[in-house]
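Given next are the chains, with one letter for each unit.
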Amino acid sequence: MLGTGLLQGLAVTARNFLGSFHDPRRFVTTQYPEERTALPEAYRNFPFLISENADDPMGTLRCVACQICEKECPPQCIYIEKSKDRKTDANGKLQLYPAVFAIDLSVCMGCQICVEVCPFDAIKMDQVFELAATERFAGLVHGREALAKPNSYFRQIRLAEAREVDDRLAADRRVAEEKARAAAAAKAAPKPAPGAPAP
Amino acid sequence: MNAAAAPAEPILERAPGLLRDWLLAFLPEPARWMANSLLIIAALLAVAGLLFAFLTLAERKVLGRIQNRPGPNRTGWFGLLQPFADGIKMLTKEDIVPRDADPVLHLLAPVALIACSVLTFAVIPYGRHLVPVELDAGVLYFFAAGAGTELAVFMAGWASHNKFALLAAMRALAQLISYELPLLLSFVPVVLVTGTLSTTGIVAAQAGWRWHFLPHWLVFTPWGAAGFVLFMVSALAESNRSPFDLPEAESELIAGHLTEYSGFKYALFFMAEYFGMCALSGMAVTLFLGGWQAPLPFLGFVPSYAWFAAKILLLLFGFIWIRATLPRLRIDQLTRFAWKFLVPLALVNLGTTAFWVLSGPWAGSLQLLRWAVALALVAGPFLLLGRRLGAGLGPRAYRYA
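Because the structure is a prediction, the values reported are computed rather than measured.

Colleague: How would you sum up the overall build of chain B? Please name residues and give values.
Modeller: Counting its secondary structure elements, chain B contains 13 helices and 2 strands. A compact globule built from 401 residues should have a C-alpha radius of gyration of about 21 Å, and chain B, at 23 Å, falls within 12% of that. Oriented by its inertia axes, the alpha-carbon framework of chain B measures out at about 70 × 70 × 40 Å. In chain B, buried positions account for 37% of the 401 residues. Looking at chain B alone, contacts between residues at least 24 apart form 77% of all its contacts between residues at least 6 apart.

Colleague: Tell me about the overall build of chain A, and please be specific about residues and values.
Modeller: Of regular secondary structure, chain A possesses 6 helices and 8 strands. Beginning at the N terminus, the succession of helices and strands in chain A can be written as α-β-α-β-β-β-β-α-β-β-α-β-α-α. The C-alpha radius of gyration of chain A comes to 26 Å, more than 25% above the 16 Å expected for a compact globule of 199 residues. Looking at chain A as a whole, 17% of its 199 residues qualify as buried. Within chain A, contacts between residues separated by at least 24 positions form 68% of all contacts whose residues are at least 6 apart in sequence.

Colleague: I'd like a rundown of the pairing of strand β1 (residues 47–51) of chain A, residues and numbers included.
Modeller: Residues and elements named next belong to chain A. The buried count for β1 comes to 5 of 5 residues, which makes it a mostly enclosed element. With 3 bridges joining them, β1 and strand β6 (residues 123–125) adopt antiparallel strand pairing. Looking across to β6, one finds that Leu-49 is bridged to Ile-123. As paired strands, β1 and strand β8 (residues 148–150) are joined by 3 bridges and run parallel to one another. Among the inter-strand pairings, Leu-49 is bridged to a residue of β8, identified as Ala-148.

Colleague: Break down the confidence of the model for chain A for me, with residues and values.
Modeller: On average, residues of chain A score 86 in pLDDT, and 94% of them reach the 70 mark or higher. Here strand β3 (residues 87–88) of chain A is the element of chain A with the lowest mean pLDDT, 81, and helix α3 (residues 113–117) of chain A is the one with the highest, 93.

Colleague: How would you sum up the environment of Ile-123 of chain A? Please name residues and give values.
Modeller: Turning to its location among the elements, Ile-123 of chain A is positioned in strand β6. Taking C-alpha positions, Ile-123 of chain A is 8.9 Å from Cys-69 of chain A, a pair spaced 54 residues apart along the chain.

Colleague: Please set out the packing of helix α8 (residues 222–238) of chain B against helix α13 (residues 366–389) of chain B residue by residue, giving values where relevant.
Modeller: Residue and element names in this part refer to chain B. Packing of α8 against α13 leaves a shortest axis separation of 8 Å and a crossing angle of 25°. Between α8 and α13, the interaxial angle falls into the category roughly parallel. Mapping the contact onto sequence places Pro-222, Trp-223 and Ala-226 in α8 and Trp-371, Ala-374, Leu-375 and Val-378 in α13. For the contact of α8 with α13, the per-class residue count stands at 7 nonpolar, no polar and no charged.

Colleague: So, the interface of chain B and chain A: which residues are in play, and what are the values?
Modeller: Contacts between the two partners involve 13 residues from chain B, matched on the other side by 12 residues from chain A. Counting only elements with at least two residues in the side of chain B that touches chain A, the list comes to α2 (32–66), α11 (304–325) and α13 of chain B. When the residues that make up the side of chain B that touches chain A are grouped by side-chain class, the tally is 8 nonpolar, 3 polar and 2 charged.

Colleague: Which residues make up the pairing of strand β5 (residues 98–104) of chain A, and what values go with them?
Modeller: Residue and element names in this part refer to chain A. Where strand β2 (residues 78–82) and β5 come together, 5 bridges link them in antiparallel fashion. Within the sheet, the bridge partner assigned to Tyr-79 lies in β5 and is Ala-102. Across 2 bridges, β5 lies against strand β7 (residues 141–142) in antiparallel orientation. Each bridged residue has a counterpart across the sheet, and for Asp-104 the counterpart in β7 is Val-141.

Colleague: Hey, could you go over α8 of chain B for me, with residue numbers and the actual values?
Modeller: Compared with an ideal rise of 1.5 Å per residue, which puts 17 residues at 24 Å, α8 of chain B spans 24 Å between its outermost C-alpha atoms and is within 8% of the ideal. Once α8 of chain B ends, the next one or two residues include Asn-240 of chain B, with phi positive near 55°.

Colleague: Mind laying out the confidence of the model for chain B, listing which residues take part and the relevant values?
Modeller: All names here are of chain B. Summing up the model confidence of chain B, the mean pLDDT is 85 and the portion of residues at 70 or higher is 96%. For chain B, helix α9 (residues 250–253) is the element with the lowest average pLDDT, namely 71, and α11 is the one with the highest, namely 91. For the stretch residues 1–5, pLDDT sits under 50, and the model shows 13 contacts to residues farther than four places along the chain or on other chains. In the predicted assembly, ipTM is 0.78 and pTM is 0.79.

Colleague: Tell me what's going on with the sheet that holds β2 of chain A, and back it up with residues and numbers.
Modeller: Within the open sheet, the 3 strands sit side by side as β2-β5-β7 (chain A). Their pairing is antiparallel. One side of each edge strand has no neighbouring strand; the edge strands of this open sheet are β2 and β7 of chain A.

Colleague: Describe the environment of Leu-119 of chain B, naming the residues involved and giving the relevant values.
Modeller: Residue position: Leu-119 of chain B is located in helix α4 (residues 103–119). Residues Leu-119 of chain B and Tyr-141 of chain B lie 22 residues apart in sequence; the distance between their C-alpha atoms is 9.1 Å.

Colleague: Run through the sheet that holds β8 of chain A, naming residues and quoting values.
Modeller: All names here are of chain A. The strand order across the open sheet built from 3 strands is β6-β1-β8, with neighbouring strands paired in mixed fashion. Each having just a single partner strand, β6 and β8 make up the two edges of the open sheet. Across the sheet, the axes of successive neighbouring strands diverge by a mean angle of 50°, strand direction being ignored.

Colleague: Pulling in residues and values, what's your account of the nonpolar core?
Modeller: Counting 88 residues, the largest nonpolar core has Phe-231, Ala-284 and Leu-287 of chain B as the members making the most contacts within it. Looking at this core, the element that brings in the most residues is helix α10 (residues 263–288) of chain B, giving 15 residues. Apart from the residues within four sequence positions on either side, Ala-284 of chain B is in contact with Phe-228, Phe-231, Met-232, Ala-235, Leu-289 and Leu-315 of chain B. Grouped together as the second largest cluster of nonpolar side chains are 19 residues, Leu-49, Cys-63, Val-64 and Phe-154 of chain A included.

Colleague: An account of α4 of chain B is needed here, citing residue identities and associated values.
Modeller: Helical periodicity: at 3.6 residues per turn, an α-helix aligns residues three or four positions apart in one direction. Residues and elements named next belong to chain B. Helix length check: α4 (17 residues) gives 25 Å between terminal C-alpha atoms against 24 Å at 1.5 Å per residue, within 8%. Maximal helix bending in α4 amounts to about 25°, located at Ala-109; proline Pro-110 follows within four positions. Those residues of α4 that sit buried are His-106, Ala-109, Pro-110, Leu-113, Ile-114, Cys-116 and Ser-117.

Colleague: Break down the packing of helix α1 (residues 11–24) of chain B against α2 of chain B for me, citing the residues and quoting the values.
Modeller: The relative placement of two packed helices comes down to the angle between their axes together with the axis-to-axis distance. Residue and element names in this part refer to chain B. The contact between α1 and α2 brings their axes to 10 Å, and the two run at 135°. With respect to their mutual orientation, α1 and α2 come out oblique. As for how α1 packs across α2, the hand of that crossing is right-handed. From α1, Arg-20, Leu-23 and Leu-24 reach across to α2, where they touch Arg-32, Ala-35, Asn-36 and Leu-39.

Colleague: I'd like a description of unusual backbone geometry, backed by residues and values.
Modeller: The residue after Ser-242 of chain B, namely Pro-243 of chain B, is reached through a cis peptide bond having omega 5°. On the secondary structure map, Pro-243 of chain B appears in the loop between α8 and α9. Of note in this structure, Ala-65 of chain A is not a glycine but carries a positive phi near 60°. With respect to the helices and strands, Ala-65 of chain A occurs in the loop between β1 and α2 (68–72).

Colleague: So what about the environment of Ser-239 of chain B? Which residues, and what values?
Modeller: All names here are of chain B. Relative to the assigned elements, Ser-239 resides in the loop between α8 and α9. Taking the C-beta count within 10 Å as the criterion, Ser-239 has 25 such neighbours and is therefore assigned buried. Sequence separation between Ser-239 and Gly-208 is 31 residues, and the spatial gap between their C-alpha atoms is 32 Å. In contact with Ser-239, not counting residues within four places along its chain, are Glu-273, Gly-276, Met-277 and Leu-280.

What counts and what doesn't
Starting afresh in each chain, residues are numbered from 1 along the sequence in its written order. Whichever chain is written first is A, and whichever ligand is written first is 1; the rest continue in order. Since the coordinates come from a predicted model, pLDDT governs what is reported: local features require at least 70, and pairs of side-chain atoms require 80 or more to be given and counted, while whole-chain, interface and lining totals use all residues. Runs of E in the DSSP output that reach at least two residues are strands. Runs of H or I that reach at least four are helices, and both are numbered from the N terminus. A radius of gyration in this sense is built from C-alpha atoms; the matching globule rule multiplies 2.2 Å by the number of residues raised to 0.38. Every C-beta atom is placed from the backbone, and the number of other C-beta atoms within 10 Å of a residue's own sets its class: buried at 20 or more, exposed at 12 or fewer, partly exposed in between. Residues are defined as contacting one another if the C-beta atoms placed from their backbone atoms lie within 7 Å. Strands pair, by our definition, only if DSSP identifies at least two bridges between them. Confidence scores here are pLDDT values: one per residue, from the predictor, ranging 0 to 100. All axes here are fitted lines through C-alpha atoms, helices being fitted over the stretch that makes contact, and every angle between N-to-C directions spans 0 to 180 degrees. Orientation categories follow fixed angle ranges, with anything under 35 degrees roughly parallel, anything over 145 roughly antiparallel, 65 to 115 roughly perpendicular, and all other angles oblique. Under this grouping Gly is polar, as are all residues other than the nonpolar Ala, Val, Leu, Ile, Met, Phe, Trp, Tyr, Cys and Pro and the charged Asp, Glu, Lys and Arg. To estimate the expected span of a helix, count its residues, drop one, and scale the result by 1.5 Å. Nonpolar core, as used here: buried Ala, Val, Leu, Ile, Met, Phe, Trp, Tyr and Cys residues forming one set through C-beta atoms within 7 Å. We define the bend at each residue as the angle formed by axes fitted to the 7 residues ending at it and the 7 residues starting at it. Left-handed describes a crossing whose near helix is turned anticlockwise from the far helix through less than a right angle; right-handed describes the clockwise counterpart.

Structure, rendered in structure tokens:
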């Protein structure tokens, strides 16, 4: 009969109208600045730089200014200047460090390629999305001071990945230490005669 | 507004009249008639303006709730200051007139529209003693003034010098003229039964209760119920409301005849739309829902204007509810619905009413026959025409989709 579909539609909207008052499963709006929903662990938007120590972020950056990310970045939003001097990194090795490391957030597309190509696990994807700036150009170019965040923060936002990275780095460090010890022992021991069988 | 009320009535019922008399007492005698009219106009505009303001808020809140979201809730308590924020925004916006537009007509269109809408408020009886103008042909005046809005809509479309606006104005004209007919035909039965064109007379004819609980409202008769539904459907179309909001179909015509309007002129169009909606709801209440009459005898202590307000708000909620439910019609569906369905039904309803009037003196079991025949005369054509309306047009097969 004409009009029955119309009444069914009105019933649906009435059910939604009344349901929104007593059924929290229907009424899903979060009052954003006051309430926040938990972000999923896989959520990512822009990259940040990992520093080992929260007290001295600029001194303990994992980044060694190898510029692979700068070259791989599809929209070319990363700008790096190498340092003139070298600093010891977490493994006790002398390394270069980025004197300038800047990411233009208005250009970055969040593709994560920089994270995937980084051999030092120095750059990871962040979850901060409140990045409004009052200045269009300078306000959205973040330097290394703004980009550096401690490893503890990374463990906070993405624990599984952070744990995996930490374990791998610790294993690498152990291997490096053993190698160094072996090298030191080899140096201390008399040089074996040429032609003698290797131990 | 009527002369002094009977002193036996409750104080709340007489309060508006007493307030007016108290205010007029400050003025010298010769100026009073003028001040009286101005006072009524000011009161009407204030109430209608506030109703418009909070109706926009209520609409957004109700639509939000129907879509399971809270609606505006940031400005003030529960978003109650939202209409005023919107008003300030509209007032401070730049008023742009296109270079090729006709500047006089472009300015005149919103003014004419709002003037015609406000004129219709004059004859609605808001309460027992609250009738701004008592005309013998009040209903006729109401629809004559309301028809002026069509001219203003076309004026807006023509003056904008924009093809979307012009197309929308043509559509609006086709729609408004199509639906003017069922709108007028649907209230003729009321005039036939009550024998008067005066709005106060029509409300007075609906006084009293049958068996002390069923009010003598015209909607509680078979032809009255049918007339009410026809009236409300036509009123939806006349006030450009969804599902008949073709003149401002955003997906097809940008904003229709409003495309080239900005700032406060745009706000005036919206105000006129809501005024039209309120006026038509007020007329529907007057014609079919007993005007300011209380629904039950023991509820008479509540002032009459409160009952009128309650009924009109109920109808306005219906408007919003329907907007949240139905998608927009196509222009061919719209006109077919008017000419092939509403107009014939309204004409048949006229015949039903004639039968109802003629069978008025029937007594005893003949009353049952009277109701049965009247119900059959209402339901039969509805079912038959309803079957014919969509015949041969659906379901549609999409061959290449």
